[in-house]
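# Coordinate inspection notes
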Amino acid sequence: MNVRNMNQQEKVDYMLNEPVPHLVCQMAVPTIISMLVTSFYNMVDTFFVGKINTQATAAVGVVFSVMALVQACGFFFGHGSGNFISRKLGAGEFEEANKMAATGFFSAFFTGVLLGMIGLAFLEPIAGLLGSTPTILPYTKDYLRIILLGCPFIMSSFVLNNQLRFQGSASYAMVGIVSGAILNIVLDPILIFIFDLGVAGAALATTISQVVSFSLLFLMSRKGGNIRIVFRNFQPSFYLYKEIFKGGIPSLCRQGLASVAQVCLNRSAGMYGGDFSDAAIAAMSIVSRITMFANSALIGFGQGFQPVCGMNYGARKYGRVREAFGFCVKYAAVFLVVISAVGFVFAKPLVTLFRKEDMDVIRIGTLALRLQLIAFPVNAWIVMCNMMLQSIGKATKASVVAAARQGIFFIPLIWILPCFFGLLGVQMCQTWSDVCTLLIAVPLGVGTLREMKQMESSIEV
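Conventions we followed
- Residues numbered from 1 in each chain as written.
- Predicted model: local features only at pLDDT ≥ 70, side-chain atom pairs only at ≥ 80, totals over all residues.
- Heavy atoms only, no water.
- Helix = DSSP H or I, 4+ residues; strand = E, 2+ residues; numbered from the N terminus.
- Rg over C-alpha atoms; globule rule 2.2 N^0.38 Å.
- Buried < 20%, exposed > 50% of the residue type's maximum accessible area, 1.4 Å probe, protein only.
- Lys, Arg positive; Asp, Glu negative; His and termini not counted.
- Charge placed at Lys NZ, Arg CZ, Asp CG, Glu CD.
- Axes fitted to C-alpha atoms, helices over the stretch in contact; angles between N-to-C directions.
- Parallel < 35°, antiparallel > 145°, perpendicular 65-115°, else oblique.
- Left-handed = near helix turned anticlockwise from the far one by under 90°.
- Contact = heavy atoms within 4.5 Å.
- Nonpolar A, V, L, I, M, F, W, Y, C, P; charged D, E, K, R; others polar.
- Arc of directions from axis to C-beta.
- Phe/Tyr/Trp six-rings, centres within 6.5 Å; stacked < 30°, edge-to-face > 60°.
- 1 Å grid on protein atoms, 1.4 Å probe; cavity = no way out; pocket = protein on both sides within 12 Å on 5 of 7 lines; lining within 4 Å.
- Points joined across faces, edges and corners; volume = space filled by probe spheres on them.
- Salt bridge = Lys/Arg side-chain N within 4 Å of Asp/Glu carboxyl O.
- pLDDT = per-residue confidence, 0-100.
- Disulfide = S-S within 2.5 Å.

Looking now at the overall build of the chain. Within the chain, the regular secondary structure consists of 18 helices and zero strands. By the compact-globule yardstick of 23 Å for 461 residues, the chain fits well, its C-alpha radius of gyration being 21 Å. Across its three principal directions, the C-alpha atoms of the chain cover 70 × 45 × 40 Å. Classification of the 461 residues of the chain by burial places 61% in the buried group. Taking the average place of the 33 positive charges on the side chains of the chain and the average place of its 22 negative ones, the gap between the two points comes to 5 Å.

What follows covers the packing of helix α11 (residues 277-314) against helix α15 (residues 379-391). Viewed as axis vectors pointing N to C, α11 and α15 meet at an angle of 30°, and their least axial separation amounts to 9 Å. Overall, the two elements α11 and α15 adopt an arrangement that is roughly parallel. Relative to α15, α11 is oriented so that their crossing is right-handed. Between α11 and α15, the contacting residues are N295, L298, I299, F301, G302, Q303, F305, Q306, C309 and G310 on the first element and N379, A380, V383, M384, M387, M388, Q390 and S391 on the second. Across the contact of α11 with α15, the residue classes break down as ten nonpolar, eight polar and no charged.

This part is about helix α1 (residues 8-17). Listed as buried for α1 are Q8, K11, V12, Y14, M15 and L16. Elements that come into contact with the buried residues of α1 comprise α2 (20-50), α3 (54-90), α4 (94-121), α11 and α12 (318-345).

Regarding helix α13 (residues 347-354), the residues found buried are A347, V351 and F354. Seen along its axis, α13 keeps its buried residues to an arc of 55°; they face one direction. Contacts made by the buried residues of α13 are with α2, α11, α12 and α14 (359-374).

Turning our eyes to something else, we now look at the packing of aromatic side chains. One pair of aromatic rings is described through two measures. These are the centre distance and the angle between the planes. Per the counting criterion, the structure on display carries 23 aromatic pairs. Ring geometry for F75 and F158: centres 5.0 Å apart, planes at 45°, overall tilted. With a gap of 83 residues between them, F75 in helix α3 and F158 in helix α7 (residues 151-166) connect regions that are remote in the sequence. Note on F158: relative accessible area 17%, which makes it buried. For the pair F105 and F214, a centre-to-centre distance of 6.1 Å together with 15° between the ring planes defines the contact as stacked. Here F105, found in helix α4, pairs with F214, found in helix α9 (residues 199-220); they are 109 residues apart in sequence, far enough to count as distant. According to the relative accessible area criterion, F214 is buried, its value standing at 13%.

In this model, the largest pocket occupies a volume close to 330 Å³. Taken together, 19 residues make up the lining of the largest pocket; nearest its centre are M43, I290, F293, A294 and L350. If you list the elements that add at least two residues to the lining of the largest pocket, you get α2, α11, α12, α13 and α14. Here the second largest pocket defines a volume of roughly 260 Å³. Lining the second largest pocket are 14 residues, and of these V66, L69, I126, L130 and S259 lie nearest its centre. The biggest single contributor to the lining of the second largest pocket is helix α10 (residues 238-272), with four residues. Of the residues that constitute the lining of the second largest pocket, the class distribution is eleven nonpolar, three polar and no charged.

Before going further, it helps to spend a moment on the pattern of salt bridges. Going through the model one piece at a time under the given rule, you end up with nine salt bridges. In this structure, K141 engages E124 in a salt bridge whose closest nitrogen and oxygen atoms are separated by 3.1 Å. Of the two residues, K141 sits in helix α6 (residues 137-149) while E124 sits in helix α5 (residues 123-129), which places them 17 residues apart along the sequence. Its relative accessible area of 43% is what places E124 among the partly exposed residues. Across the salt bridge formed by D434 and R405, the nearest N and O atoms sit 2.6 Å from each other. Taken as a pair, D434 in helix α18 (residues 423-460) and R405 in helix α16 (residues 395-408) lie far apart in primary sequence, 29 residues in all. In this structure, D434 and R405 share a single accessibility class: buried. Each of the salt bridges in this network shares a partner with another, and the network as a whole consists of R87, E243 and K246.

Attention shifts here to the confidence of the model for the chain. Any segment with low pLDDT has predicted coordinates that should not be analysed in fine detail. When pLDDT is averaged across the chain, the result is 88; 98% of the residues are at 70 or more. Per-element confidence in the chain is highest for α4, whose mean pLDDT is 95, and lowest for α2, whose mean pLDDT is 82.

The subject of this paragraph is the environment of L120. With respect to the helices, strands and loops of the structure, L120 is situated in helix α4. With a relative accessible area of 35%, L120 lands in the partly exposed category. A sequence separation of 70 residues divides L120 from I190, and the C-alpha atoms of the two residues are 26 Å apart. Among residues more than four places away in sequence, those in contact with L120 are R145, L148 and L149.

With that out of the way, let us pick up the state of the cysteines. This model, assessed by the stated rule, comprises zero disulfides. In this model C264 remains outside any disulfide bridge; the closest cysteine sulfur is found in C429, 9.4 Å from its own. With no disulfide of its own, C419 has C429 as its nearest cysteine by sulfur position, at a separation of 12 Å. Among the residues examined, C419 registers a relative accessible area of 55% and is labelled exposed.

In structure tokens, the structure reads:
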């Protein structure tokens with residue numbers, strides 16, 4: 001059945017009655033494609049910049065923390081409004097969903113304008129704070145300046161993407177995201193090499209593609225049975241912002257702390273890299289992009305689960321939520337075991353692909369990648385647990401899980417482990433952080449599943 005041709009009510013009925021495995025896969029395929037293509041263009045960006053020099057590669061890694069912060073704000077408004085929208089659609093409260101869609105979108109756009117202005121006003125101090133060494137700083141400023149100009153569109157794109165997903169329109173979201181990503185891949189070599197813009201060309205390619213993606217997503221939001229974004233529905237209120245906060249704070253914790261973690265990683269790699277500080281920063285940047293690509297498929301799968309989870313929880317169909325969670329964890333775990341094994345074997349060729357001219361980057365990056373892949377499969381439970389808790393409105397529990405991997409554990413460990421193991425401590429930090437996060441996510445997830453089972457039993461009685 002084609003979800004695109006349904007009106008709003010038909011789409012909700014479909015989400016509440018279609019067999020769970022088929023429904024999750026149908027929702028997940030477009031989001032997996034979107035995430036993989038988006039992550040791929042990030043890798044392509046790093047690949048082409050790597051052709052310039054090691055400092056340019058390191059600069060992209062440094063600015064990545066700012067992009068993670070912009071994403072964090074986008075996901076805060078996108079997930080916060082999207083979770084609320086899916087639950088209200090499941091409960092049949094369409095007017096409330098319309099108000100939230102506009103409030104989430106315009107709040108993100110105005111926040112993006114403010115963040116971009118502040119960043120441009122304090123460009124050099126921010127670049128230094130992010131971990132740029134004196135040799136990396138000029139490249140960081142060239143890249144960061146252009147990225148900041150695109151802040152409002154980048155942030156708003158994340159909101160539109162997530163709102164479409166939570167309405168069950170993942171295929172519409174995919175069109176906007178994938179189109180922008182493909183454009184970025186095409187523009188990268190043209191602007192970097194043909195127009196000889198260097199690292200600024202990579203940033204310009206990213207910004208242009210994000211503006212195009214934003215435009216397409218906005219157009220997609222006005223098609224089919226999707227909620228139309230209109231300014232008259234922008235009704236900021238304590239109630240709506242409280243709901244955005246509840247649904248979005250886990251994403252803000254996860255992505256915001258990822259930004260802080262990246263800064264700490266860059267600084268620690270530079271500090272303990274010794275004579276190879278630029279190579280260490282570049283290597284960890286490359287490893288981050290590779291693992292992000294592998295993780296993007298997992299996140300895409302989880303994003304297919306989220307609208308199923310939110311709508312069915314809103315309709316009090318708790319058994320379907322539990323079934324969907326079990327299905328996702330099982331197949332995600334199998335996928336990650338296979339990916340980890342393949343990545344472990346081919347770690348060196350993968351890192352070499354990005355910076356074959358620098359053996360120090362290859363040496364540092366290969367070991368770091370293999371160490372991270374050892375614990376990679378545990379993310380099946382961590383990610384699905386986080387998404388379930390977030391989608392059903394368990395903000396505190398979801399925030400704890402979201403903050404754990406790259407905040408509660410990673411940030412202390414990135415400073416403690418290198419004190420004892422030097423650069424090796426930097427390379428193995430993410431592995432220990434993942435293991436510690438699992439120890440928190442298991443009891444929180446199991447407890448919530450038991451709670452839903454009890455609620456299901458009370459309804460049946």
